[in-house]
Each structure stands twice: as structure tokens, then as C-alpha cells.
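Single-letter residue listing:
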Amino acid sequence: MLEKFAPLFVDDSEVITHSFVSDVALKSGKTLALITLDNLKDHNRPTTLGPLTLKELDEVLDAQEQRAKNGEIHGIAITGKPYFLAAGADLSKIGAVEKKITGRLYVELGHYVFAKLGDSSVPTFVFINGLALGGGVEIALNAKYRTLNSAAPALGLPEVFLGIIPGWGGSYLLPNLIGIKNALKVIVENPLKQNRMLKPKEAFEMGMADVMFEPQRFLEQSIDWADEVINGKKVKRPFEPGTLERKTVWPAAVKMARGMIKDRLGEVPESPYVALDLIEAARSGTRDEGFKREDDVMEELVSGDKFRASMYAFNLVQKHAKNPQGAPDKSLARPVNKVGVVGAGLMASQLALLFLRRLEVPVVMTDVSQERIDKGLSYVRAELDKLVEKGRLDPDDRNRYSANLSGSLDYEAFADCDWVIEAVFEEMSVKQEVFGKLEQFVPEHCILASNTSSLSVSEMAKNLKNPERVVGFHFFNPVAVMPLLEVARADKTDDETMATAMAVGKKLKKTTVIVKDEAAFVVNRLFGVLLSEQMRALDDGFSFEDISEAVKPLGLPMDPFDLLELVGMHVASHMMDSMKAFDESRFYASETLGKLADHGKLLVKDDKGKIKGFDKGAVALLPSATPSRDSKTILDQTLEGLAREIKIMLDDGVVHSVEDIDLAMITGAGWPFHLGGITPYLDREGVSQRVNGKPFHEPMVVGVTG
Amino acid sequence: MISKDVYFIDGVRTPFGRAGEKGVYWNTRADDLVVKAMMGLLDRHPDLDKAAIDDVAVAATTQTGDQGLTIGRTSAILAGLPESVPGFAIDRMCAGAMTAVTTTGSGIGVGMYDMVLAGGVEHMGRHPMGDGADPNPRFLSEKLVDSDALNMGCTAEKIHDRFPHLTKERADKFAVGSQQKAAKAYEEGFIQKDLIPVSAASDSGWQVVNRDEPMRPETTMEGISDLKTPFRPHGRVTAGNASPLTDGATISLLAGEDAVKKHGLKPKMKMVSFAFAGVEPEIMGIGPIPSTEKALAKAGIGMDDIGLIEINEAFAIQVLSFIDHFGLEDDDPRINKYGGAIAFGHPLASSGVRLMNQLASQFENHPEVRYGLTTMCIGLGMGGTVIWENTGWRG
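Fair warning: this is a prediction, and the values are worked out from it, not measured in the lab.

Just to check I follow, could you spell out the interface of chain B and chain A for this structure?
When the parts come together, some accessible area is lost, and that loss is often what is quoted as the size of the interface. In this assembly, 12 residues from chain B lie in contact with 14 residues from chain A. Between chain B and chain A, a total of about 1100 Å² is buried, with carbon and sulfur atoms accounting for 49% of that surface. The largest per-residue losses of area from chain B upon contact with chain A belong to D161(B), P233(B) and H234(B), which jointly make up 42% of the total buried on that side. Applying the counting criterion to the chain B and chain A interface returns 3 salt bridges. A salt bridge links D397(A) to K158(B), with the shortest nitrogen-to-oxygen separation between them at 3.9 Å. Between chain B and chain A we count 3 residue pairs in polar contact (both at pLDDT 80 or more) in total. Every element with two or more residues in the side of chain B that touches chain A is listed here: helix 4 (138–141) and helix 5 (152–162) of chain B. Among the elements that line the side of chain B that touches chain A, the one with the most residues is helix 5 of chain B, at 3 residues.

This is the structure we're talking about:
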């Protein structure tokens, strides 16, 4: 073990994955050294590969290599504890490196150890018995042969999703094993599709393993197969790229991938492009040259701001989201055995579908006309049928949910409901009327929830006999996709209601964030800030293009006007009126928005949905002023507005902590990991300090330069 | 190849008791129930040479404690059979006794047994369903079987899901019918004649149990329509349209054609065919459908040839799925003439022989009927069916 790695071994807080060795007497009479990676914890603690883990593995591999040279053993195999091969590197060791060199050393260490699998004087095997992610896949790629358990939960290289690249050989070894197209899929495409993983069958069909066995006797069969290979069985690698593929398909595929990512994500995210560069270079040269390239880029990425922000975001979504802050004791939650939905429009129908599927209880929808009710019921039933067709819903369950769904003109149908949610017209008087009427029919314990996005839930509840069972329950569109659920505690909302709402949110598989009942909660409030700046800019004479360009550095998922069209300009305008009433110094309700709303169209798109330009009629409606400020101020003011508003929200206790703000923006607005939601970005750009006198995070969520 | 006809000579059972602390058999051992039934059966054949019994097969689902220790052997000794008569224990959950009959019957069929005792027992009060079960984690981790499959009530709800036209109302109606038919069968003395009374200890002195405790003849549609649905919120399966948890034992005497001649026995039914079949564990109630299709095919007859049906009523909905499949009416007079498990109870492993006892009794009263059928659904997704010929059939 090289001296230079010593600094990595100082921290003994690592949950070490040990490398246990046992000798297996093969049927042929030869001997296989079987290494089992085991952290001695149960399935709740996945196997990870930290520096001390790699050190121990290295010592074990060295010892086995010596035994191989002495003729004591004829092959080396590595496998994992039940359900896991390895879930990758120990992210806590690179998530927040204090020195650039630490990141680099950790990457070099993995290369150093895993290379021994490729360089061994005897055949080396990895028996992929369970979950293999990132470094777990790479340990297998570095070995000479691989077997795969058909019941392994998943395989994948999620590094690009996290803001880095497969740095332990994956970017070189994978394309050289399975060819360029599938390597691009695994390394770049899948991670960018909500971190999609591979099922064993897919991975096997791509050639990531040489042979696949059923779970019951996976290890026994892998060992028998290894025996055959050790005794000379030839293993074909049908997907290894040949000269032609390397010359023609390879560069073309990388180029195409580059173009597609540019279109979809813009150029702000770094890791996809770095991964493409590595994959491109892997077309020629040696493995060790590939490893060095990985060392170099990882040193930069791991120490960079974007990765640091991504790890912060990842932890928000993985850990923080699972323990919603400010929630009352879970034991206070009441059972919800029947749900009512007021309204049968598109939003209400989406809610009905969600409650039906996740709670698996009767759901009754009401609306003002039988026609509207029938339309809603048909929509839900059609969606259920679609899911059956796609193979995502069992037909028996479809029957179950369909039987659970009913409609009624009469609120009498809510008489035995434990939960009623309204998604009616966004107008206070309408909502108050609905709640008042509901109270006459629902049982006293029944929770009344509102999907309002910008009205005061407390105000809605103020005339009720029992306002304590009212809660804000705000979903994001499309309901089936966006994880965020803002749970708003109104003036009088009691703990039992909050506990029940949080339990229901969890059962609905949503990311629940508790928010104060104020001014459009979190996401829409911050959108109000963005929209204010956009409209100010338009009214100051900037063009649509100026504004789209100005916010590009943020790398947001949608063009701001595309988003505005999606949300609906009338809805947005209505919301800005509310926000202006809340605070007119910070929220700008522009008449231009009203005019654009009436016009109805902002963008011109081609038949693939790609933005070609801005609608002439919309452009004509813009004020013909000449900007007296630089277009750079558009982004500056937007960021300053966000920093200001977030500080006010935190001071006012709108949410429990700044993490909740970022979690909300990530899961409700799809804001990217590399911004960390938003506050890490505001800090590292110095905006927080400029506006509020200090950053949101201490220490800041930034990379290291030295 | 030896091939002998297999006959059901006689069958009896203990009266069934409600499982649990308040049930009559709370202080009675399961093996004692088997012994009482066994001795009661042998009393009806006083001239039978006990030493000529080749084997004793007794089924129980949870084979521990008073249902363990190879209960077929121990209960035979305890019942005073000669030590030369061997015995064994057998398990196929609800179809334990039925499997005891088909297994030993097969032995008779190949000429290796002449006479056997076959039956089952379940003391669900002392041995709740699934007691001590330790399902392999692979079931869940590999999604082989849904955890719902281990809950019989959930599987019944699933039948409603799969066949929405089989409504709760129909299930309730069938359940009421079962209770009424059971009450009527008692009035006519059809049940009592094959019951072996049991003296049971209780906290207030000895009791003699000579009736099935679980029966609720006063059941009405209105009475059960609003019962709780414990398996699913706003579900369809209730205590009113399902069999109650029960304690009880059954035992039968089977013999081959040579033994019948040799010992001067009077058979009640002849075994024609049998079959077991597997279905998705999550919807185990539909098991009787494939097992019946298989048994009918083996017998070379169709459902139209069946004159009497004894189908176990674990849940009314499961019986309806059978009725629906074979195109019968819910109130077909061939089906469970004396009422079923919803009224009498379903001590898991014992029920198979209760069905046979009842069929044999109905054969006696219906010499115009040639073929009858006993069938039941089985936990973990199976069905079992035995087709019988009426030895009293006046072709």
C-alpha cells in the first residue's frame, strides 16, 4: 500500500466493509479464494467502499496474489453480503472534502486497488450477488469475469446524477466491454432520467456480466462456472467494440449525446459533459491512461461547488425528506378510511387518482354538475386502464380502485369520510362556501384539506365550528410526477390534524414540507419573486430573449416563459395580485401580464415541442421602453430578490429551516442539484452576503480550491 | 399393476366449537378430540378387527404441542388401537383431512392398504392460523408472493376485486342460506347422527358437547349487512359471510374392495377420482376451480353429471366464484344441502372429512344421485377435489 494514501486512513469513523476470505475446493480439484465484502451490519446499512475498506481489500488481494504465485490458489472471486455487492464509494468521504488532494487520493486509491483485479496472475471474478452501484459496478468491471444474480435489486452508475463521473474505471472499462451506445445509456442517459437504474436482465443483455444465475443457488453456480473458466473455458464478449465501432459509431454517438444533453439541460451542469469527454477518450489508449484521466477530472469535480451542492441536495432528498421537520408525534395521526374530493376538474381528478392508488380506500368525488362528475370519473378510470396497459397496475387492483371510486352531486356522500380535500376555483368566497357546506355533512373528526396555492387557509376556515381540523395540502403539477407536498398549518390547526396530514402525505409517497399558512407558502412565493423580476424587466423594455438569456446561468429545467405558459398566465396573474396584496414592495403585479394572459400565447414551438422563438402577437404587447439598465441586472435582481425573500421567510418561520426551502424548490419546481436547490448557489455567488449580511449556510455549501 | 376400488365406509366428527377462551373446547386438548372421534367411529363398527387397520393418517396444520408428535400415531395409541397399527401426521393446511383421505386412499388403490383411518384436527384456539410461521424473506425480496397472501380474508377481498359482479350482497345472501340450511339439517337429524359427543372441561364443571357451537340460525341479511370489514376499509368480507375460527376433529374409515368383502363392510361411497391444483396464493379462494376441472377430467365426467356438491365455505365469496365458473345458480339445490362451514365452522385441517360425512349422508337420502363432489380451497393458493360415487345409487 503506497505511503501517499496515508492521509485517507486517519479518520476511523468509517463503517468498514471487511474482506473475509475463505478457500473453496472446486470440483476440478483446484482452489478458489472467495472474498466476501461484509460490513457486518444488516440490510439497513448498505455496503460502501471507504478508504479503510479499500485498504483492507488491498491487503487481502496482495495476500491472495502471493498465494496464487505459490500455486496455492488458482482464482480469486469477490462477492457481497446478502442483497448487496456494494452500493458504491463512501459518499461521506467525498461529499465534503476539505482539501482537493483528499478527493484525488480517494479516487487514486480505488484505481490502485481495483487494478489488481485486472492485473492478477490468475483469473479474477466478481459474483454480482446483489445491489451494485457506482464503485460496486466498477469493482466488477475491473475483474476479468463477472456473474450476475437475476434477483439483484439494481445495477447502475449514478455518478453523473450526483455531479461526478464513474471514477474507478467505469468510464474507460464499460464502453470497452459493452460498446459505446449502451455505455452512454448507463453512464449518462440513465442518471439524467431521474437516476434510472438497470434490472439484472437489462444489464446482462448489455453484456455487463458473462453469465446470469437464479438467486436460489447463485453462489454455488457462480463457483462452478468459475471452476470451468479457471480450467480453460473460453468466455465470449460479443459486445466488445471492434475497430469499426471505435472509428465511426463511437465519436458519432458521443457527439449526438452531447447535442441531446445541450438541448435538454443546457450547458450549466458539468458532469454529463465531463463524462462524455472521458467516454470519448476511452476509445483508444490503455486502461491506466483512462484511470489517470479519471483521477484528473475527479480531482476537479469532487472539489467543485456544483458537486458539493449536489451532495447537499442528495442528502436533502434522501435523508432530510424522510424526517419532516416540525411534525407532531406520529401516534397522533388518525386513520383515513374514506376520502372525499370536492371538484372533478383535472387537478381534483389527479388527486382522486393518487388517493385511490396509494391509500387504497373509497374515494368519492363531487362537483356542481353530473356532467362534470362523470368527466372526472371517466378520467380517473381511463388513467387506471392506461396503467394496466403499461403493465404497471394489476387488473385486480384496477378493479378494486374502480370499485372504490364514486361520484355524487350531494355532499351527503361525505357523511362517512375521514378526509375531504377541495380543489375548486381559487377564489376565497368559493372556498369558504365549500368549507361551510362541508362542515354540515362530514363527521366532526373529518379533516378538511385545501389544495389552494395562494389563498389563506386560516381565512378559509375562520367561520367554521371546528377550524382545528382544517389544513393546507398543496400538491404540484403534474401530481403523479412532482414529489413536493406543502402542508400548511393554519391558525387553529391542531396537532392531530397535522399528524394525520403528514401520515397521509407519507402514504401518498410525497415529500412533505411543513409550511406556515402565508402568501403562497414556499415554491409559489419564490416564483412570485422570479416573476416579479421578469415582469419588471419586460416593463423596463427588455425583450423576452434578454430575460431567457439572463437566467441561463442558473441551469433551470425550463425557460421562464415556457414555465409561465405551462402554469397559465391567468393563474400567474391572479397569484401576483394576491402576492402584491401581501407585500407590494417586493411583488410586482404587472398589467403587461394581464394583457399577455388575454392574448394567451408566448412561445412558438416546433412539432417536437422545441422552442423556436416568441409569438409576434405577444411581443407586440410589450411596452416599448428602452432599458436604462444592463441586462446583467436581471439575474442580479432576481437573485437578490430570492435571497431577500428567503431570509424574510426564515425569519418569519415560514418553514423550519433553510434546508426545507431548498428541498421544496428541488422537489416542487425541479430546481437542479448543482444549485443545491437555491441557497447554496446564492451563498457561493455572494448574493446572500450582499443582501442579508451573511450567508444562509455556515459553513457555506461550497467546494474547496486547495 | 394392482388396482383396487377404494371405499369410504364411514365418517364421524366431534361437534365443532368456537375457538378462543370463551369456546367450549378451550380446556380440551386437540389430540383428545381426535381420540374421541376415533373411538366413536370404531364403536359404530364393533366387530371390526382393529389390528387389521393398516395405517392411521391424521392431519393438522400447526403440528406442535397437542397437535404435534406425529398425531396419527399418538392418537391411535391413546384411542386404544393395538400398537401394531402404525400412524402418521399429514399437512396441507385446510385440506389436511382431504389429503389424508386421498393419500391413504391411494395406498388402498394400489393394494398396499386394506383399511385405514384418515381424518384431521385443528384447535384454532390453541393454535391460531400462521402460529410459528417464518416465511422465507425471498418471498418478499423477490416479490414471489404478496404478503397479503398470508391473510385469508385479504385473499377473499381479492376475489371480489377480480369478479366485481360477485357482490357483497350475494355473499351475504349465500351466508344466510348456509345458516338456514344448517339449522334445517339439525331439525331433520341429519347432522347429529354422525357427531360423536365430547365431554369438555370448563371453569364451571364438565360439559357435554353434542351440537356445533358456532351456528347462528337467527342470521339475517339486515343483521350482517353492516358488519365491520376487518380485512379492508369499506371492504366486503365480514364475520357474517365467512367461516368462524373453530376447534374440532374428524375421522373416517376407508377400505379396499377386498377388505369390504372380508370384513363384511357396508360402503357409503366409492372414490372415483381426486385432484389438487395450485393457483396464485393471493387469491387462494378460486383453488376449487382447477382442482375440480382436473378431477372431473380424470373421472371422465362433467359438472352436469354431479348430483351433489359439498364445497367448503371458508368464505361465501369463494363459493360464489366456483358457482360462477361452472355456470350454476347461487341457490342451486345440489350445493351444500346441509349448510356449510359458515354455520358449522372450519377447523382447518379437519374440514375435508366433514364434507365427506355430509356427502355420504346425502347420498343415502338421494339414491337417484350417482356422483357427488367434495371440494375446498386451500391456503397458499391451492384447491382440492374428490369425486365420489354413491354406492346406494339405484341406476
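Could you clarify how one ought to interpret the pattern of salt bridges in this entry?
Working definition: two side chains of opposite charge can pair if their charged atoms are close together. Residues and elements named next belong to chain A. Under the criterion given, the structure shown has 69 salt bridges over all chains. A salt bridge links E59 to K55; its shortest N-O distance comes to 3.3 Å. With E59 and K55 both in helix 1 (residues 51–69), this residue pair falls 4 residues apart, about one helical turn. Salt-bridge contacts for R258 lead to D277; the nearest nitrogen and oxygen are separated by 3.0 Å. Of this pair, R258 sits in helix 10 (residues 243–265) while D277 sits in helix 11 (residues 271–281), and the two are 19 residues apart along the sequence.

Looking at this model, I keep getting lost on the sheet that holds strand 9 (residues 211–213) of chain A. Mind explaining?
Hydrogen bonds between backbone groups are what pair the strands of a sheet, and the pairing can be parallel or antiparallel. All names here are of chain A. Here we have 6 strands laid out as an open sheet, ordered 1-2-3-5-7-9, and mixed in their pairing. Each edge of the sheet is formed by a strand with only one pairing partner; in this case those strands are strand 1 (18–25) and strand 9. On average, each strand axis in the sheet is inclined to that of its neighbour by 25°, with strand direction left out of account. Across 4 bridges, strand 5 (residues 124–128) lies against strand 7 (residues 145–149) in parallel orientation. The residue of strand 7 that forms the bridge with V126 is R146. Docked against the sheet, helix 1 engages strand 1, strand 2 (31–38) and strand 3 (75–80), running at close to 25° with respect to strand 1. Contacts from helix 4 (residues 135–142) reach strand 2, strand 3, strand 5 and strand 7, with the element oriented near 145° to strand 5.

Is there a simple way to think about the side chain of D562(A) in this case?
Residues and elements named next belong to chain A. Counting through the fold element by element, D562 comes out in helix 22 (residues 560–567). The class of D562 is buried, set by a relative accessible area of 13%. A distance of 2.8 Å separates the side chain of D562 from the side chain of K605, its partner in a polar contact.

Teacher, can you tell me more about the packing of helix 6 (residues 170–178) of chain A against helix 7 (residues 180–189) of chain A here?
Axis angle and axis distance: for two packed helices, these are the angle between their axes and the distance between the axes, and together they describe the pair. All names here are of chain A. Where helix 6 contacts helix 7, the axes come no closer than 7 Å and their chain directions differ by 140°. One way to sum up the angle between helix 6 and helix 7 is to call them oblique. For helix 6 against helix 7, the interelement crossing comes out right-handed. Facing G170, S171, L174, P175 and I178 of helix 6, the residues of helix 7 in contact are I180, N182, A183, V186 and I187. Its residues assigned to classes, the contact of helix 6 with helix 7 comprises 7 nonpolar, 3 polar and no charged.

Any chance you could explain the pairing of strand 5 (residues 115–123) of chain B here in plain terms?
Along any regular strand, the residues point their side chains to alternate faces of the sheet. Residue and element names in this part refer to chain B. Of all the 9 residues making up strand 5, 9 are buried; the element is thus mostly covered by neighbouring parts of the structure. By the bridge criterion, 5 bridges tie strand 3 (residues 55–59) to strand 5 in an arrangement that is parallel. By the bridge assignment, D55 is partnered in strand 5 with V116. Taken together, the 9 bridges between strand 5 and strand 8 (residues 246–256) define a ladder with antiparallel strand orientation. Residue G120 lies in a different strand from strand 8, and its bridge partner there is T250.

Any chance you could explain the packing of helix 6 of chain A against helix 12 (residues 287–302) of chain A here in plain terms?
Residues and elements named next belong to chain A. Interaxial distance between helix 6 and helix 12 falls to 8 Å at its minimum, and their mutual angle equals 135°. The pairing of helix 6 with helix 12 is recorded here as oblique in orientation. Of the residues in helix 12, those in contact with G170, S171, Y172 and L173 of helix 6 are R287, G290, R293 and E294. Along the lines of polarity and charge, the residues of the contact of helix 6 with helix 12 split into 2 nonpolar, 3 polar and 3 charged.

What exactly am I supposed to notice about a nonpolar patch on the surface here?
Residues and elements named next belong to chain B. A contiguous nonpolar patch, built from M1, I2, V110 and M112 and spanning about 470 Å² of accessible area, is present on the exposed surface. Along the polypeptide, M112 turns up in the loop between helix 3 (96–109) and strand 5. Residue M112 is classed as exposed on the basis of its relative accessible area of 59%.

Please explain the domain arrangement of chain A as it appears in this structure.
Domain annotation for chain A reports domain 1 (2–303), domain 2 (331–516) and domain 3 (523–653). The straight-line distance from the C-alpha centre of domain 1 of chain A to that of domain 3 of chain A is 46 Å.

Even after reading the chapter, I still don't get the sheet that holds strand 6 (residues 131–133) of chain A, so can you show me in this structure?
All names here are of chain A. Taken together, the 3 strands give an open sheet; going across it, the order is 4-6-8, and neighbouring strands pair in parallel fashion. Unpaired on one side and paired on the other, strand 4 (84–86) and strand 8 (155–156) mark the two borders of the sheet. Looking at chain direction, strand 4 and strand 6 are connected through 2 bridges and run parallel. Among the inter-strand pairings, F84 is bridged to a residue of strand 6, identified as L131. Along the sheet face, helix 4 touches strand 4, strand 6 and strand 8 and points at about 90° away from the line of strand 6.

Looking at this structure, I do not really get the pairing of strand 10 (residues 306–311) of chain B. What am I missing?
Residues and elements named next belong to chain B. For strand 10, the buried fraction is high: 6 of the 6 residues fall into the buried class. Note that strand 10 and strand 11 (residues 371–378) share 5 bridges and pair parallel. If you follow I306 over to strand 11, its bridge partner there is Y371.

Would you explain helix 19 (residues 495–507) of chain A in this entry?
One turn of the α-helix equals 3.6 residues, which is why residues spaced by three or four share an orientation. Residue and element names in this part refer to chain A. Its 13 residues place the ends of helix 19 18 Å apart at the C-alpha level, agreeing with the 18 Å of an ideal helix rising 1.5 Å per residue. Three or more residues of helix 19 are buried, namely T497, M498, A499, T500, A501, M502, V504 and G505. On the buried face of helix 19, the contacting elements are helix 14 (346–359), strand 13 (419–422), strand 14 (447–450), strand 15 (470–475), strand 16 (484–489) and strand 17 (511–516). K509 sits one or two residues past helix 19 and shows a positive phi near 65°.

Cut-offs applied
- One numbering rule holds for all chains: residues counted from 1, following each sequence as written.
- Each chain takes a letter, starting from A, and each ligand takes a number, starting from 1, following the order in which they are written.
- Selection of residues for local features in this predicted model requires a pLDDT of at least 70, selection of side-chain atom pairs for listing and counting requires 80 or more, and totals for whole chains, interfaces and linings are taken over all residues.
- Values reported for side chains reflect all heavy atoms of the structure, with hydrogen atoms and water molecules removed beforehand.
- Should any heavy atoms of two residues lie within 4.5 Å, those residues are considered in contact.
- Once two parts are joined, some of their accessible surface, as seen by a 1.4 Å probe, is lost; buried area is that loss totalled over both.
- Whenever a carboxyl oxygen of Asp or Glu lies within 4 Å of a side-chain nitrogen of Lys or Arg, that contact is scored as a salt bridge.
- Polar contact is defined as a pair of N or O atoms within 3.5 Å, subject to the rule that within protein one atom must be able to donate a hydrogen and the other to accept it, and that residues adjacent in sequence are counted only when both atoms are side-chain atoms.
- Runs of E in the DSSP output that reach at least two residues are strands. Runs of H or I that reach at least four are helices, and both are numbered from the N terminus.
- If DSSP finds at least two bridges between two strands, the strands pair.
- In this description, a line fitted to the C-alpha atoms serves as the axis of each element, helices being fitted only across the stretch in contact, and the angle between N-to-C directions of two axes falls anywhere from 0 to 180 degrees.
- In this scheme, a residue with accessible area under 20% of its type's maximum is buried, one over 50% is exposed, and one in between is partly exposed, where area comes from a 1.4 Å probe on protein chains only.
- Angle categories: roughly parallel below 35 degrees, roughly antiparallel above 145, roughly perpendicular from 65 to 115, and oblique for all the rest.
- A crossing counts as left-handed when the near helix is turned anticlockwise from the far one by less than a right angle, and as right-handed when that turn is clockwise.
- Each residue gets one label: Ala, Val, Leu, Ile, Met, Phe, Trp, Tyr, Cys and Pro are nonpolar, Asp, Glu, Lys and Arg are charged, and the others, such as Gly, are polar.
- Two distance rules govern patches: like charges are joined within 9 Å, and nonpolar side chains (Val, Leu, Ile, Met, Phe, Trp, Tyr) within 5 Å, applied only to residues with over 30% relative accessible area and no salt bridge.
- Each accessible area is a Shrake-Rupley result for a 1.4 Å probe, and residues are judged covered by the shown protein chains and nothing else.
- A domain assignment, automatic or from a database, supplies the domain bounds used here.
- The length a helix should cover is 1.5 Å for every residue beyond the first.

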